[in-house]
Each structure stands twice: as C-alpha cells, then as structure tokens.
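A structural walkthrough
Residues per chain, in single letters:
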Amino acid sequence: MSWFEHGASRIYFEDSGAGNPLLLLPGWAGSIEELAPLRVHFASKFRVIAADLPGSGKSEPQPRAYTPTYYHDDAAAFLALLDHLGAGPAHIVGFSDGGEVAFVMAEERPTAVRSIATWGAAGTIEAPPEMLDAFDTLIDEPIEPLADLSAYLKSAYGEENARAMSSSFAAALRGIIANGGDVSRARAGDIACPALLITGEHDFVATPALVSEIAGAIPGATYIEVKDAEHDVHHAQPEWLATTILAFLAKQS
C-alpha cells in the first residue's frame, strides 16, 4: 500500500512483480481491484505499478471536482509518479479513462513510455446530450442502462460523494465536447511508441469507428475489435485480453 501526492491529487498504487515497469490504470470510478486478474498475469513478466486514477478507487480527492483538463492533469501526475519511482520508460496499460491518460502520456513525454496497450479508449469524447444529462440524475433517478453503474457508485463511494463525482464528471465531459471533443486525437501522430488499441464490437463509449480512427493515426499501431464485446472487455474476455496484451508486450521488451 503506497501513496504519491501530486498537486491536488493523492494517488494510491501497489507495486508488484519484477522486470521492465508496467503502469496499469483502470477506468473512471473503477479501481485496481477490478483488474486483479490482469495484474497476476502481468506481474509474472513485469514490475506492475497498478494505480487508481485521482478521484477513483482509493485515490483522492473524493469527491473530485473534474475539469475539462483532467486527462492532461492526470497524465502529468502519472508521469511524475514514474519519475518518483524511477520506473521509466514504462509500458502503459489502460482501460477507458486509463487508456485516455496513456495516450496523453505518450504524446506529452515520449521518452517515458515504452509502449501503450488500451481497451475502451478513443482519444475523442463523443456523447449525446441526453447521456450526459443522465449522469446528473445517475444516483437518484438512473436510466435503465446505467442502473448497475449507479448501484456500484453508491456502494463504493456513498450516495453524497457519488452524486457529486458523477455530476462533476458530466460537466467536464460537456466542456471537452464544447471544445471539439478532442483529448489526444489531434496529436496521435506524435505517439512514437508501439501501440495496441482494443475495443468491443458494441462499445458505445469508445466505438469501433472512433478507436480505429485514432489507431490509424498512430504510426504502426495495431487495432483489434473484439466480437460481441462491449466496453468492459476485461470482464467479457479476461483470459483473451491478458494473453493478447502479454503477446504484444513481449515483442516490445
């Protein structure tokens, strides 16, 4: 159990295994616990630094006040964490928001990133207004597709914190979309390291169209669409995901 402070963030991380460093990042509101099966696989080959995103899991602040710059803020924090641990260059493996942060890290400081492997990340935020509106009422009046997420947030963070974080998160996404929706897509050509981008066939967040587009803009990137899967490929096909990412990483190590 370890902590790293950077600006307003206090990041919780766990360090295990040995070998070339690998930073493992979960998605928004998730935690490293849900990626435990992947960590076991990765730690057999790499030094795995698994970290909760600021405002999620055990990392602070909670509730977090998200801003439209939060992806870049988090990228700066995790680059600082790698510096602090003497763990660069590192492989970055990220799900959803963790993958978005990985893209930005590779763009901002190429020398710190050995490779990136992501699933459920697109470099662009696209969401209909009604979906963002649904996050404002997520805790008290969740729409059916978000009922499970609502229950999870209340259980993991408590109703008051969950209400604040989901509303703030939606406001930040609105700000990003108002500015064109770009997170890392415009600079994707600056990503010089090997990259593996995975998304589910039915992922409505990081759609195959968006993910294949950014993959095509990253020199030499590999794109895989997982048949019948949705956003959470690590739940739908955990063994396949671990094997696929490990095979990719083995080529880079």
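Residues numbered from 1 in each chain as written. Predicted model: local features only at pLDDT ≥ 70, side-chain atom pairs only at ≥ 80, totals over all residues. Heavy atoms only, no water.

For soluble globular proteins, nonpolar side chains are generally found buried alongside one another. The biggest cluster of nonpolar side chains holds 62 residues, and the ones touching the most others in it are Leu-23, Phe-78, Ile-92, Met-105, Ile-116 and Leu-153. Among the elements that make up this core, the one with the highest residue count is helix α2 (residues 70–85) (nine residues). Ignoring sequence-local partners within four residues, the contact set of Ile-116 consists of Ile-92, Ala-102, Phe-103, Ala-106, Ile-191, Cys-193, Pro-194, Ala-195, Leu-196 and Phe-248. Judged by nonpolar contacts, the second largest core, of 25 residues, contains Leu-24, Val-93, Val-233 and Ile-245. (Core = buried A, V, L, I, M, F, W, Y, C linked by side-chain atoms within 4.5 Å. Buried < 20%, exposed > 50% of the residue type's maximum accessible area, 1.4 Å probe, protein only. Helix = DSSP H or I, 4+ residues; strand = E, 2+ residues; numbered from the N terminus. Contact = heavy atoms within 4.5 Å.)

Take the pairing of strand β7 (residues 195–200) next. Regular strands place their side chains on alternate faces of the sheet. Counting buried positions along β7 gives six out of six residues, so the element sits mostly inside the fold. Every second residue of β7 is oriented toward a common face, with Ala-195, Leu-197 and Thr-199 on one face and Leu-196, Ile-198 and Gly-200 on the other, all of them buried. Strand direction decides the pairing type here: β7 and strand β8 (residues 222–226), joined by five bridges, are parallel. Its bridge partner lying in β8, Ile-198 is registered against Ile-224. Viewed along the sheet, the connection from β7 through helix α7 (residues 208–217) into β8 turns out right-handed. (Pairing = 2+ DSSP bridges. Right-handed = clockwise from strand over helix to strand, strands pointing away.)

What follows is about the pairing of strand β5 (residues 90–95). Buried residues dominate β5, accounting for six of its six residues. Relative to β5, strand β3 (residues 21–25) is paired through four bridges, and the arrangement is parallel. Bridging from a neighbouring strand, Leu-24 pairs with Val-93 of β5. For β5 and strand β6 (residues 113–119), the ladder comprises six bridges, and the chain directions are parallel. Along β6, the bridge assignment pairs Val-93 with Ala-117.

Turning our eyes to something else, we now look at unusual backbone geometry. That bond from Gln-62 to Pro-63 is cis: its omega, -5°, falls within 30 degrees of zero. Inspection of the secondary structure puts Pro-63 in the loop between β4 (47–51) and α2. Omega for the bond connecting Gly-88 with Pro-89 falls within 30 degrees of zero, at -5°, which places this linkage in the cis form. Looking at where Pro-89 falls in the secondary structure, it is placed in the loop between α2 and β5. Positioned with a positive phi, Ala-29 is a non-glycine residue whose angle comes to about 70°. The class of Ala-29 is buried, set by a relative accessible area of 0%. For Asp-228, which is not glycine, the phi torsion reads 70° and is therefore positive. Assignment of secondary structure puts Asp-228 in the loop between β8 and α8 (233–236). We classify Asp-228 as exposed; its relative accessible area is 56%.

For the rest of this paragraph, the subject is the environment of Ser-155. Within the element layout of this structure, Ser-155 appears in helix α5 (residues 147–157). Here Ser-155 falls in the exposed class, since its relative accessible area comes to 65%. Expressed as a C-alpha distance, the spacing of Ser-155 and Ala-65, which sit 90 residues apart in the sequence, is 20 Å.

Attention shifts here to the environment of Ser-2. Topologically, Ser-2 is positioned in strand β1 (residues 2–6). Not counting chain neighbours up to four residues away, the residues in contact with Ser-2 comprise Ile-11, Tyr-12 and Phe-13.

Further remarks concern the side chain of Ser-168. Tracing the backbone through its elements, the reader meets Ser-168 in helix α6 (residues 159–178). What makes Ser-168 buried here is its relative accessible area of 15%.

As a further point, take the layout of surface pockets. By volume, the largest pocket is sized at about 1000 Å³. Taken together, 39 residues line the largest pocket, and the ones lying closest to its centre are Ser-96, Leu-149, Phe-204, Val-205 and His-231. Of all elements in the fold, only α3 (97–108), α4 (129–136), α5, α6 and α8 reach the threshold of two or more residues within the lining of the largest pocket. Partitioned by chemical class, the residues of the lining of the largest pocket number 20 nonpolar, ten polar and nine charged. (1 Å grid on protein atoms, 1.4 Å probe; cavity = no way out; pocket = protein on both sides within 12 Å on 5 of 7 lines; lining within 4 Å. Points joined across faces, edges and corners; volume = space filled by probe spheres on them. Nonpolar A, V, L, I, M, F, W, Y, C, P; charged D, E, K, R; others polar.)

Looking now at α7. For α7, every residue scored as buried is listed here: Pro-208, Leu-210, Val-211, Ile-214 and Ala-215. The buried residues of α7 occupy one face: seen down the axis, they fall within an arc of 165°. What points out from α7, more than 90 degrees from its buried face, is the exposed set Ala-209 and Gly-216. (Arc of directions from axis to C-beta.)

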